[in-house]
Amino acid sequence: MKVHNERTAPPGTVSLSSPDVGVVLVRLSGAWKKDLELPSADGVMDRVLERPDTRLVAFEHTGLDAWDSSLLTFLVHLRNRCVLAGVRVETEGLPHGVVRLLMLASESKRAKGLPGEAVEASVLTSIGERAFNFARYFSHVLEFTAEACTAFLRLFEGKARYRRTDLGLLIYECGAQALPIVSLISVLVGLILAFVGVVQLKMFGAQIYIANLVGIAMTREMGAMMTAIIMMGRTGAAFATQLGTMEANEEIDALKTLGISPMEFLVMPRMLALILMMPLLCVYADVVGILGGAFVGVGMFDLPANLYYEQTLAALKLKHFAIGVVKSVFFAVLIATSGCFHGMQTDRSASAVGYAATRAVVVGIVLIVVTDGIFAVITSFLGI
Amino acid sequence: MERSQEEPLRTEAHITVRDLTLAYEGYTVLKDLTFTIDRGDIFIIMGGNGCGKSTLLKIMTGLKPPVKGQVFYDDISFWDAGPSERNGILRRVGILYQRNALWSSMTLAENVALPLEEYTGLDRRQIAEIVSLKLALVGLAGFETYYPSGISGGMQKRAALARAMALDPEILFFDEPSAGLDPVNARLLDDLILELSDSLKTTVVVITHDLASIFAIGKTSIFLDSETKTLLAAGNPGRLLEDSPDPKVRAFLTRGHLDET
Ligand SMILES: Nc1ncnc2c1ncn2[C@@H]1O[C@H](COP(=O)(O)OP(=O)(O)O)[C@@H](O)[C@H]1O
Ligand SMILES: [Mg+2]
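**Describing the overall build of chain B**
Phase 1: Of the regular secondary structure elements, chain B holds nine helices and 10 strands.
Phase 2: For a compact globule of 261 residues, the expected C-alpha radius of gyration is about 18 Å, and chain B comes in at 19 Å, within 12% of that figure.
Phase 3: Projected onto the principal axes, the alpha-carbon positions of chain B cover approximately 55 × 45 × 40 Å.
Phase 4: Looking at chain B as a whole, 51% of its 261 residues are labelled buried.
Phase 5: A fraction of 63% describes how many contacts in chain B between residues 6 or more apart in sequence connect residues 24 or more apart.
Phase 6: Side chains of chain B carry 27 positive and 36 negative charges; the gap between the two charge centres is 3 Å.

Quick look at the structure:
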């Protein structure tokens, strides 16, 4: 503020006069700066409209000092009110720069195709719109799924067009590179399960059964579930980002005009890599989680190691492993589909890519949990 | 659409667009376009931002079906043709995309090689030779193993051009080739386009609003307008500047300095 001190003009004011019948002359004076106290456009307008049969508003600016966009917003507001009230506005009496900027501001509003004129939709309309959008989204999903199936058929026929090196790299990214995070999370889940279990089981002197608890929970549920959630956040989001960026850069268009199906070239290898790697990661997570549980049971609650080992072996049945592994294949399909689908649906802008990744993860995790629930119901119904 | 220029000898039509209407989900971008691109021509498609130039390119290159109308390559109606016939047409077409569209997970050499692998039966060694030649043609010799992200924007543009030229196309489409290039590089690209058109008799279609290159290379041009959603003028750009009856076209060609010519 000190800088302006040598030229402090009084804050802007407005005075009105009527040089002619039906004409209101708005005299602007003082400094119109954002940080000063300025008259409100509505207040001035009310005073203008108080005068009987106002037809024209004109301006005068001899007393006007410095001005910035606060004057412009004031004038735009004033003009809009005038238009509503059917009063003509004559801008000639304004500083030349102000007139030019006002013209620019009104032109950009006229530019068509802008959402500026959107009418407020009624509740019913917006519900209908949402339903319609959802139906369209769903039809896109179906279309995508059908195309993916075709791509896989062509893969089995040996006709799919993709790069082996890409597939190798993707397998490495989905498999080996995910090991550290899967190890960490699984060992922690094993530990947590054991801790929670041991506190309860101790009351009955049945601590040894944490071997059963951890073993079955890991293999049947947590191994598949936790790897799925990790892989969704890690790999599914990466798929969405990669494909979204490719769409935004027209890379996918370039493939299509070459007659190469992006489904075969980009989506199918990603799905395949994940479908191949997820069961392995799941089994790995099972083992690591069981070791985590054993660490708690044997290391902290002094259960004999050989007993714990035998108890674990007795509890683990092939069916528990199998259920977990089968689920992990389903999860792999869901993760890859959600990631690739949302990536391919991206608009051509940078922000859309981030949005695609977010959506992919949210939709993917919901689908994973729902599928897991369905499995729980089916397996209990079948008694396995 | 009037054709003011006298046509001394009727050249062969290479691409014919007839009554084409383009739309995005109900929003019409351009309607009832009709124009002809002659063999060996350098054809400029000009118009303001967002008037539908890239969309037109998409329809002409098979990425998006038109709402109405046809695109003929020689005598074949692209959108009525079967998939294999379409591929046959696209095999003879090279496209330089507005955003380069280099495949980011592949090296420059792999980028240029993919069209060759896809459409020719050449062996690895032959492909590698052609790839090196094409990269050298655009001044990128020695950059075979670079990834697109590792080179500058101008170099990416040239690499994309090398890829577009990989199959020795009869038709080259350029979508705003000079966007993002400095004047010297833009000029070099113009020279390259002239060279291609001259030496290989390639039909070149350039989407641009760069006035310097419009006048430097354009033989024929059309002007698309987003307000009327139609083709406002057609003809040689120099001649349009002199005597187009439409003020919008003249304003565009003079950067808005109307009445100065
Ligand atoms: N994928 C899309 N979906 C919906 N509208 C689009 C899409 N792409 C472009 N448009 C709209 O179509 C119009 C023409 O776009 P475009 O062909 O890219 O213009 P140009 O290349 O001439 O700048 C613009 O109004 C743009 O907003
Ligand atoms: Mg464009």
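**Quick notes on the packing of aromatic side chains**
Phase 1: Counted under the stated rule, the structure contains 13 aromatic pairs over all chains.
Phase 2: The interplanar angle of 75° and the centroid separation of 6.1 Å between the aromatic rings of Phe195 of chain A and Phe301 of chain A together place this pair among those described as edge-to-face. One end of the pair, Phe195 of chain A, is in helix α6 (residues 179-202); the other, Phe301 of chain A, is in the loop between α9 (262-300) and α10 (305-315), with 106 residues separating them in the sequence.
Phase 3: The partly exposed category is assigned to Phe195 of chain A, whose relative accessible area is 33%.
Phase 4: Owing to a relative accessible area of 25%, Phe301 of chain A belongs among the partly exposed residues under this scheme.
Phase 5: Ring geometry for Phe78 of chain B and Trp79 of chain B: centres 5.2 Å apart, planes at 75°, overall edge-to-face. Accessibility classification places Phe78 of chain B together with Trp79 of chain B in one group, the buried group.
Phase 6: Counting every residue linked through ring pairs, the aromatic cluster contains Phe134, Tyr137, Phe138, Phe144 and Phe341 of chain A.

**Topic: empty space enclosed by the protein**
Phase 1: Under the defined criterion, the tally for this structure stands at three cavities of 30 Å³ or more.
Phase 2: Roughly 180 Å³ of internal volume is contained in the largest cavity.
Phase 3: If you trace the largest cavity, you find 14 residues lining it, with Thr257 and Leu258 of chain A together with Val93, Gly94 and Ile95 of chain B closest to the centre.
Phase 4: Among the secondary structure elements, those contributing two or more residues to the lining of the largest cavity are α8 (251-257) of chain A together with β6 (93-96) and α5 (153-164) of chain B.
Phase 5: Sorting elements by how many residues they give to the lining of the largest cavity places β6 of chain B first, with three residues.
Phase 6: Considered class by class, the residues forming the lining of the largest cavity number 11 nonpolar, two polar and one charged.
Phase 7: Estimated volume of the second largest cavity: approximately 40 Å³.
Phase 8: For the second largest cavity, the full set of lining residues is Phe59, Leu75, Leu78, Arg79, Val89, Thr91, Leu94 and Leu102 of chain A.
Phase 9: The biggest single contributor to the lining of the second largest cavity is helix α2 (residues 69-85) of chain A, with three residues.
Phase 10: Here the lining of the second largest cavity is built from residues that sort into six nonpolar, one polar and one charged.

**A short note on the sheet that holds strand β2 (residues 23-32) of chain A**
Pairing between the strands of a sheet comes from backbone hydrogen bonds, and it takes one of two forms, parallel or antiparallel.
Residues and elements named next belong to chain A.
Phase 1: What the four strands build is an open sheet, ordered β1-β2-β3-β4; its pairing is mixed. Two strands close off the open sheet at either side, each with one partner strand: β1 (13-20) and β4 (88-89).
Phase 2: Here two bridges tie strand β3 (residues 56-67) to β4, and the two strands are oriented parallel to one another. By the bridge assignment, Val57 is partnered in β4 with Val89.
Phase 3: In the packing of helix α1 (residues 41-50) onto the sheet, contacts are made with β1, β2 and β3, and the angle to β1 comes to roughly 20°.

**Here's the deal with the pattern of salt bridges**
All names here are of chain B.
Phase 1: Applying the stated criterion to the full structure yields 25 salt bridges over all chains.
Phase 2: The salt bridge partner of Glu170 is Arg39, with a shortest N-O separation of 4.0 Å. On the criterion of sequence distance, the pair formed by Glu170 in the loop between α5 and β7 (171-175) and Arg39 in the loop between β2 (27-38) and β3 (42-47) is long-range, its members being 131 residues apart.
Phase 3: Among the charged side chains, a network of salt bridges with common partners joins Glu12, Arg39, Asp74, Arg92 and Glu170.

**A look at the layout of surface pockets**
Residues and elements named next belong to chain A.
Phase 1: By volume, the second largest pocket amounts to about 430 Å³.
Phase 2: Lining the second largest pocket we find 16 residues, and of these Val141, Thr145, Leu334, Thr337 and Leu367 sit closest to its centre.
Phase 3: Listed by contribution, the elements that provide at least two residues to the lining of the second largest pocket are α4 (123-156), α11 (318-344) and α12 (350-382).
Phase 4: Residue contributions to the lining of the second largest pocket peak at seven residues, all from α11.
Phase 5: Split into classes, the residues belonging to the lining of the second largest pocket amount to 11 nonpolar, five polar and no charged.

**Focus: the pairing of strand β10 (residues 230-235) of chain B**
Residues and elements named next belong to chain B.
Phase 1: Pairing geometry for strand β9 (residues 220-225) and β10, over five bridges, is antiparallel. Each residue of the ladder has a partner; that of Ile222, found in β10, is Ala234.
Phase 2: Taking the residues that link successive antiparallel strands as the turn, the β9-β10 hairpin has four residues, and the phi of Lys229 there is positive, at about 60°.

**A word on the side chain of Thr257 of chain A**
Phase 1: Mapped onto the elements of the fold, Thr257 of chain A is located in helix α8.
Phase 2: Look at Thr257 of chain A and you get buried, because its relative accessible area is 8%.
Phase 3: Side chain to side chain, Thr257 of chain A and Tyr97 of chain B meet in a polar contact 2.7 Å long.
Phase 4: If sequence neighbours within four positions are ignored, Thr257 of chain A has contacts with Thr61, Leu63, Leu90, Ile95, Tyr97 and Tyr119 of chain B.

**Section: the coordination of the magnesium ion (ligand 2)**
All names here are of chain B.
Phase 1: Within the first shell, the magnesium ion (ligand 2) binds the protein through Ser54 (OG) and Gln98 (OE1), at distances of 2.0 to 2.4 Å. Taken together, the residues Ser54 in helix α1 (residues 53-60) and Gln98 in the loop between β6 and α3 (108-119) connect sequence positions 44 residues apart.
Phase 2: For Ser54, a relative accessible area of 24% puts it in the partly exposed group.

**A look at the domain arrangement of chain B**
All names here are of chain B.
Phase 1: As far as domains go, chain B holds domain 1 (12-92 + 171-180 + 203-261) and domain 2 (97-169).
Phase 2: Between the C-alpha centres of domain 1 and domain 2 there is a distance of 26 Å.
Phase 3: Taken together, the contact pairs 12 residues of domain 1 with 10 residues of domain 2.
Phase 4: Surface buried jointly by domain 1 and domain 2 totals about 980 Å² across both partners, of which 56% is contributed by carbon and sulfur atoms.
Phase 5: On the domain 1 side of the contact with domain 2, Arg91, Leu172 and Asp175 bury the most area, a combined 48% of that side's loss.
Phase 6: Counting across the interface, domain 1 meets domain 2 through zero salt bridges.
Phase 7: If you look at where domain 1 meets domain 2, you find two residue pairs in polar contact (both at pLDDT 80 or more).
Phase 8: Those elements that provide at least two residues to the side of domain 1 that touches domain 2 are α2 (83-91) and β7.
Phase 9: At four residues, β7 tops the list of elements feeding residues into the side of domain 1 that touches domain 2.
Phase 10: Counted by class, the side of domain 1 that touches domain 2 contains six nonpolar, two polar and four charged residues.

Definitions and limits used
- Residues numbered from 1 in each chain as written.
- Chains lettered and ligands numbered in written order.
- Predicted model: local features only at pLDDT ≥ 70, side-chain atom pairs only at ≥ 80, totals over all residues.
- Heavy atoms only, no water.
- Helix = DSSP H or I, 4+ residues; strand = E, 2+ residues; numbered from the N terminus.
- Rg over C-alpha atoms; globule rule 2.2 N^0.38 Å.
- Buried < 20%, exposed > 50% of the residue type's maximum accessible area, 1.4 Å probe, protein only.
- Contact = heavy atoms within 4.5 Å.
- Lys, Arg positive; Asp, Glu negative; His and termini not counted.
- Charge placed at Lys NZ, Arg CZ, Asp CG, Glu CD.
- Phe/Tyr/Trp six-rings, centres within 6.5 Å; stacked < 30°, edge-to-face > 60°.
- 1 Å grid on protein atoms, 1.4 Å probe; cavity = no way out; pocket = protein on both sides within 12 Å on 5 of 7 lines; lining within 4 Å.
- Points joined across faces, edges and corners; volume = space filled by probe spheres on them.
- Nonpolar A, V, L, I, M, F, W, Y, C, P; charged D, E, K, R; others polar.
- Pairing = 2+ DSSP bridges.
- Axes fitted to C-alpha atoms, helices over the stretch in contact; angles between N-to-C directions.
- Salt bridge = Lys/Arg side-chain N within 4 Å of Asp/Glu carboxyl O.
- Polar contact = N/O pair within 3.5 Å; in protein donor to acceptor, adjacent residues only side chain to side chain.
- Donors = N, O, S within 2.8 Å, 3.2 Å for Na, K, Ca; no water.
- Domains from an automatic or database assignment.
- Buried area = accessible area lost by both parts, 1.4 Å probe.

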